[in-house]
Amino acid sequence: MAATRAGPRAREIFTSLEYGPVPESHACALAWLDTQDRCLGHYVNGKWLKPEHRNSVPCQDPITENLASCLQAQAEDVAAAVEAARMAFKGWSAHPGVVRAQHLTRLAEVIQKHQRLLWTLESLVTGRAVREVRDGDVQLAQQLLHYHAIQASTQEEALAGWEPMGVIGLILPPTFSFLEMMWRICPALAVGCTVVALVPPASPAPLLLAQLAGELGPFPGILNVLSGPASLVPILASQPGIRKVAFCGAPEEGRALRRSLAGECAELGLALGTESLLLLTDTADVDSAVEGVVDAAWSDRGPGGLRLLIQESVWDEAMRRLQERMGRLRSGRGLDGAVDMGARGAAACDLVQRFVREAQSQGAQVFQAGDVPSERPFYPPTLVSNLPPASPCAQVEVPWPVVVASPFRTAKEALLVANGTPRGGSASVWSERLGQALELGYGLQVGTVWINAHGLRDPSVPTGGCKESGCSWHGGPDGLYEYLRPSGTPARLSCLSKNLNYDTFGLAVPSTLPAGPEIGPSPAPPYGLFVGGRFQAPGARSSRPIRDSSGNLHGYVAEGGAKDIRGAVEAAHQAFPGWAGQSPGARAALLWALAAALERRKSTLASRLERQGAELKAAEAEVELSARRLRAWGARVQAQGHTLQVAGLRGPVLRLREPLGVLAVVCPDEWPLLAFVSLLAPALAYGNTVVMVPSAACPLLALEVCQDMATVFPAGLANVVTGDRDHLTRCLALHQDVQAMWYFGSAQGSQFVEWASAGNLKPVWASRGCPRAWDQEAEGAGPELGLRVARTKALWLPMGD
Amino acid sequence: MSAHNRGTELDLSWISKIQVNHPAVLRRAEQIQARRTVKKEWQAAWLLKAVTFIDLTTLSGDDTSSNIQRLCYKAKYPIREDLLKALNMHDKGITTAAVCVYPARVCDAVKALKAAGCNIPVASVAAGFPAGQTHLKTRLEEIRLAVEDGATEIDVVINRSLVLTGQWEALYDEIRQFRKACGEAHLKTILATGELGTLTNVYKASMIAMMADFIKTSTGKETVNATFPVAIVMLRAIRDFFWKTGNKIGFKPAGGIRSAKDSLAWLSLVKEELGDEWLKPELFRIGASTLLSDIERQIYHHVTGRYAAYHDLPMS
């Protein structure tokens, strides 16, 4: 018999039946770091870039060990990477989709061949449990590449009318940088964009991936990875070659970036925050819901903490089971195969310590349990309860690995509490009653809802958020559109005006004086602000003259102000639940009724357009086209939303298209009737209610339409406020309870709107002074409007009995 | 085995509100195997522990006294002595928890174990095993005869039709009668979970059966036997029962547990869902026939660093 290998401890273990260490070897990760001489640079244009005279920061695993040093990029490195991506874009985007598909498939194969290196490196450096990286991230990365390869191969047919944006600047957070990068580079590369990714220092897995991609050969510059500090973010974002910045990280940083990018060339997509939500009702399988909590917060699967809402009648039972379960959680080195949670480094540890201390001082109860090493930076699973809802801690984002539990009484109240935060990322609903689960699933204002599950992901399911979680999407069809723009639209240019004063823009309304009596055909145009279904006198009790094309006075319109905007938004909010709750068919019927009313009023409308200088024929055509637009959107909205089938899940995932809420629209000066209707129609068709500022040059046509809306629509659906354009824009853009804003006007106004939207991070669509051809189908009623007018929600419905 | 479960009054409110979410339980079952493993000495020690939980079983039509004798001898000496010595475990008295046979073979087993000089209990299946589709009277008589022959543990099957038609009181009464027929012998109630239709039924049947005694997943004769999802539901029922009554009820998965790796997963499943106090032969058994030889092979590999040939290890 060969030499005995058994250790001395078997006897003790036989009695105690404890778990032992299950270390995963990280030799290959270290060997890879050795190939870089333990000094990581940047991967640009298919080559390692290790410029001299750069600061370097140590790359450590979260426990202590110093693994390598990382060079910090500087502005010139950023410029070099963007230039490489710009050069690569020409070739990459010109290739047919099939070629890109092949390349992505080859990258997936390379990942498969080197997966051990990837998962050990990622787990070693981030400290996350290797199980999640190995069975989760790395597998998902390959699925993402395969899914997007298929999308690329069908791009010419399926995405006709769209073209890739160009170079994408991608900014990644310190945790989950590898997976977050995969979610974003896959769609970007698939549609033909090229990427410059900025990763926080000491994140080698994205660099390794860039190397694997670069070594594939023919397209070296399509994926460039720089590592550098947060101070590089604005530098990358404002590089002239960058067409879009996809930011993934902390809410405050995203907000700051939104402000600093106002008026800049690059578009901005934000994915902010990490908190998730779990709703546990009294009809739930409580034990399974407890596992859902573990999946969400204590298994290294999700990046952040969890807000847990428990129905009062099962509070005691749920808390008991939760605490019992917490006692069995194990934490340790990420590369241990038998731990639930790893450590996430000193910064994460500080953050959670501060949160828990504050929660305690504000009266919360804190329960901690589990088999956790006592030294820093390990932190035990933590359950916080009895946190007073009004305390400051209850408002901030819950950090990893904390669960904040609070009770609710009814499903209605659960929705109020759950929707009462500015965050709108993901949530799960635990209920065995289908009706209740769907009611909650549809009612939650978040991007993803899982019914009786938590944290499931799939490449074909769009993932994103709403409200202050940012409104960018990845995965599924929505992820592709993030990196596409309608073909043939003029390039988005910088409209930055350095001397635009955000504090005073549109603040004061120039006073208007009477300009003489109105001369014109009867009937006299309607007068007032159309708010809450009727014409009202403006708060300022003053009016502004509107002149026709020959300079004569056409009429007076009301001078709306801040108070009128407030009233209009309120009216729109009141009308919203009823309108959004209507079936698409019912909404379409009202749009059709409005179309019919416009046609009846055709002669009046045409004569008003004539006075603004249009030919009679053209004026009549504009009225007819407006009516057609209303009918077309009514018809289009009825074929909305669809079911996705996901690998590994029995049951459907619904991709819902939900209304945004109250949409503010500042209409362009040109096409006073057609543009107004073209914007109104999709907004209403998808269930939004609107506050509109009509054409400043000729608001009278919009007011004519209001006369019909007053008879056809329920009150408050569409509200039209006339007045000083800049002032009204300012009021709407700064309004925190406006869910989205479209602005068609000056460059300065656009810059202001983009800047001001940082307040509640409402999605904005600003024309930046570019005119649109509203009479053309693509620009006046194209799919771009359909995309922007609603938000997606993915509703996961696992089945089984 | 520990003192008898004295039984509990039937309380149908315990099962009226129960919810079991099937897909969520399936996910948990998948996870539990990926989240806990043991290696090296821990693996060896855990495997030896697993041996002490085994109800070494033969339930074949062709069982005779000779293979029962061999089985009993293997129960007494489950792991080669030199391997145990190498692990310094030879003085721990490691045997399987019991041998499990058909009622007609109980006498053979008792005799063989006596000859081997040990007091490993003999478990007998009974009560119309495996279908349970005989008259109650003969099922009870079968139990009494097995006890008379010297079986100290009786594995009975429940009447699945009572579960499928929701006759919980009748089920409870039957099990109570089984319990009474057992006398001093221990009762394990086989739920035959593969034939109960839903996990909710598994939970309810577990609750009712625990109002009598030990619960066991399956006979080994159904198409689906011991699976993790079913076990999770039963273990949760055991914990709920313990929280309600303070009684610890034992658990026995049986059928389809063949590899050493499986047995480790079962141990960690019980450890995770119920805790260490359930990891003793009084409260946890594994019904298996071929599992033991795979464990022995793994121990051999652990001790020697080599993979064993068929003839290196004695057959059972």
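Residues numbered from 1 in each chain as written. Chains lettered and ligands numbered in written order. Predicted model: local features only at pLDDT ≥ 70, side-chain atom pairs only at ≥ 80, totals over all residues. Heavy atoms only, no water.

(A) Spotlight on the overall build of chain B. Secondary structure summary: chain B contains 13 helices and 8 strands in total. Taking 316 residues into account, the globule formula puts the C-alpha radius of gyration at 20 Å, and chain B, at 19 Å, falls close to it. When its C-alpha atoms are laid out on the principal axes, chain B stretches across 55 × 45 × 35 Å. By the burial criterion, 60% of the 316 residues in chain B qualify as buried. Restricting to contacts in chain B with at least 6 residues of sequence separation, those with at least 24 account for 78%. Entry remark: accessible area of chain B is about 12,100 Å², with carbon and sulfur atoms responsible for 49%. (Helix = DSSP H or I, 4+ residues; strand = E, 2+ residues; numbered from the N terminus. Rg over C-alpha atoms; globule rule 2.2 N^0.38 Å. Buried < 20%, exposed > 50% of the residue type's maximum accessible area, 1.4 Å probe, protein only. Contact = heavy atoms within 4.5 Å. Areas by Shrake-Rupley, 256 points an atom, 1.4 Å probe, with all protein chains shown as cover.)

(B) Seen up close, the interface of chain A and chain B. In this assembly, 53 residues from chain A lie in contact with 52 residues from chain B. Between chain A and chain B lies a buried interface of about 4,700 Å² when both sides are counted; carbon and sulfur atoms form 53% of it. Applying the counting criterion to the chain A and chain B interface returns 7 salt bridges. Asp-295 of chain A is the partner of Arg-35 of chain B in a salt bridge, and the nearest nitrogen-oxygen pair spans 3.4 Å. Summed over the shared surface of chain A and chain B, the number is 20 residue pairs in polar contact (both at pLDDT 80 or more). Taken together, the elements giving at least two residues each to the side of chain A that touches chain B come down to helix H1 (10-16), helix H6 (130-153), helix H12 (286-297) and helix H13 (315-326) of chain A. Of the residues belonging to the side of chain A that touches chain B, the class tally is 21 nonpolar, 11 polar and 21 charged. (Buried area = accessible area lost by both parts, 1.4 Å probe. Salt bridge = Lys/Arg side-chain N within 4 Å of Asp/Glu carboxyl O. Polar contact = N/O pair within 3.5 Å; in protein donor to acceptor, adjacent residues only side chain to side chain. Nonpolar A, V, L, I, M, F, W, Y, C, P; charged D, E, K, R; others polar.)

(C) Here's a closer look at the packing of aromatic side chains. Following the criterion strictly, the structure yields 23 aromatic pairs over all chains and no others. The interplanar angle of 75 degrees and the centroid separation of 5.2 Å between the aromatic rings of Phe-744 of chain A and Trp-774 of chain A together place this pair among those described as edge-to-face. With Phe-744 of chain A in the loop between strand E31 (740-743) and helix H26 (747-756) and Trp-774 of chain A in the loop between strand E32 (764-766) and helix H27 (777-781), this residue pair connects regions lying 30 residues apart in the sequence. We classify Phe-744 of chain A as buried; its relative accessible area is 3%. Every member of this aromatic cluster is reached through a ring pair, and the members are Phe-53, Phe-228, Phe-251, Trp-266 and Phe-284 of chain B. (Phe/Tyr/Trp six-rings, centres within 6.5 Å; stacked < 30°, edge-to-face > 60°.)

(D) Spotlight on the pattern of salt bridges. One pass over the full model with this rule turns up 74 salt bridges over all chains. Put simply, Asp-708 of chain A and Arg-601 of chain A hold a salt bridge, and the shortest N to O gap is 2.9 Å. With Asp-708 of chain A in helix H24 (residues 700-712) and Arg-601 of chain A in the loop between helix H20 (584-600) and helix H21 (602-611), the pair connects residues that are 107 residues apart, well separated along the chain. As far as the burial class goes, Asp-708 of chain A and Arg-601 of chain A line up, both buried. The residue Glu-754 of chain A makes a salt bridge to Arg-768 of chain A at a minimum N-O spacing of 2.8 Å. With Glu-754 of chain A in helix H26 and Arg-768 of chain A in the loop between E32 and H27, the pair connects residues that are 14 residues apart, well separated along the chain. Residue classification places Glu-754 of chain A among the buried residues on the basis of a relative accessible area of 3%. Residue classification places Arg-768 of chain A among the buried positions, given a relative accessible area of 8%. Linked by salt bridges that have partners in common, Asp-55, Glu-153, Asp-155, Lys-188, Lys-216, Lys-252 and Arg-285 of chain B make up one network.

(E) Fine view of the sheet that holds strand E17 (residues 426-430) of chain A. All names here are of chain A. Strand order across the open sheet formed by 10 strands is E14-E15-E16-E13-E12-E17-E18-E33-E27-E26, with mixed pairing between neighbours. Taken across any chain shown, the strands that pair with only one partner, and hence form the sheet edges, are strand E14 (365-368) and strand E26 (642-645). Ignoring which end each strand starts from, the neighbouring axes of this sheet average 25 degrees apart. Where strand E12 (residues 276-280) lies against E17, 5 bridges are found, and the strand directions are parallel. Along E17, the bridge assignment pairs Leu-279 with Val-429. Seen against the sheet, H12 touches E12, strand E13 (306-311), strand E16 (402-408) and E17 and runs at an angle of roughly 175 degrees to E12. (Pairing = 2+ DSSP bridges. Axes fitted to C-alpha atoms, helices over the stretch in contact; angles between N-to-C directions.)

(F) Representation of the pairing of strand E15 (residues 382-385) of chain A in the model. Residues and elements named next belong to chain A. Side-chain alternation along E15 places Thr-382 and Val-384 on one buried face and Leu-383 and Ser-385 on a second face that is also buried. Two elements, E14 and E15, share 4 bridges in a ladder whose sense is antiparallel. Bridge pairing links Gln-365 to Ser-385 in E15. Relative to E16, E15 is paired through 4 bridges, and the arrangement is parallel.

(G) Region of the structure containing the confidence of the model for chain B. With 97% of its residues at a pLDDT of at least 70, chain B reaches an overall mean of 90. Interface confidence in the predicted complex, given as ipTM, is 0.92; pTM for the same model is 0.94. (pLDDT = per-residue confidence, 0-100.)

(H) Representation of the packing of H13 of chain A against helix H11 (residues 228-245) of chain B. Packing of H13 of chain A against H11 of chain B brings their axes to within 13 Å, and their N-to-C directions diverge by 115 degrees. Where H13 of chain A crosses over H11 of chain B, the two elements pack in a sense that is right-handed. Residue-level inspection shows Arg-320, Arg-321 and Glu-324 of chain A of H13 of chain A in contact with H11 of chain B, the latter providing Arg-239, Asp-240 and Trp-243 of chain B. (Left-handed = near helix turned anticlockwise from the far one by under 90°.)

(I) Layout of helix H3 (residues 40-53) of chain B. All names here are of chain B. The end-to-end C-alpha distance of H3, which contains 14 residues, comes to 20 Å, matching closely the 20 Å that a straight helix rising 1.5 Å per residue would cover. Counting buried positions along H3 gives 12 out of 14 residues, so the element sits mostly inside the fold. Among the residues of H3, Glu-41, Trp-42, Ala-44, Ala-45, Trp-46, Leu-47, Leu-48, Lys-49, Ala-50, Val-51, Thr-52 and Phe-53 are the ones counted as buried. (Expected span 1.5 Å × (residues − 1).)

(J) Seen up close, unusual backbone geometry. In this model, Trp-400 of chain A is joined to Pro-401 of chain A through a cis peptide bond whose omega is -10 degrees. Examined against the element boundaries, Pro-401 of chain A turns out to sit in the loop between helix H15 (392-395) and E16. A cis amide bond links Phe-129 of chain B to the next residue, Pro-130 of chain B, at an omega of 0 degrees. On the secondary structure map, Pro-130 of chain B appears in the loop between strand E3 (122-126) and helix H7 (136-148). You will see that Asn-386 of chain A, though not glycine, has its phi angle at about 55 degrees, which is positive. Structurally, Asn-386 of chain A is set in the loop between E15 and H15. Using a relative accessible area of 44% as the deciding quantity, one classes Asn-386 of chain A as partly exposed. Of note, the phi angle at Arg-768 of chain A is positive, near 55 degrees, even though the residue is not glycine.

(K) The sheet that holds strand E5 (residues 66-71) of chain A, seen in detail. All names here are of chain A. Taken in spatial order, the 3 strands make up an open sheet running E1-E5-E4, and their pairing is mixed. Looking at which strands have only one partner, the edges of the open sheet turn out to be strand E1 (39-40) and strand E4 (56-60). Bridge count for E4 against E5 is 5 bridges, and the pairing is antiparallel. Within E5, the residue paired with Cys-59 across the bridge is Ala-68.

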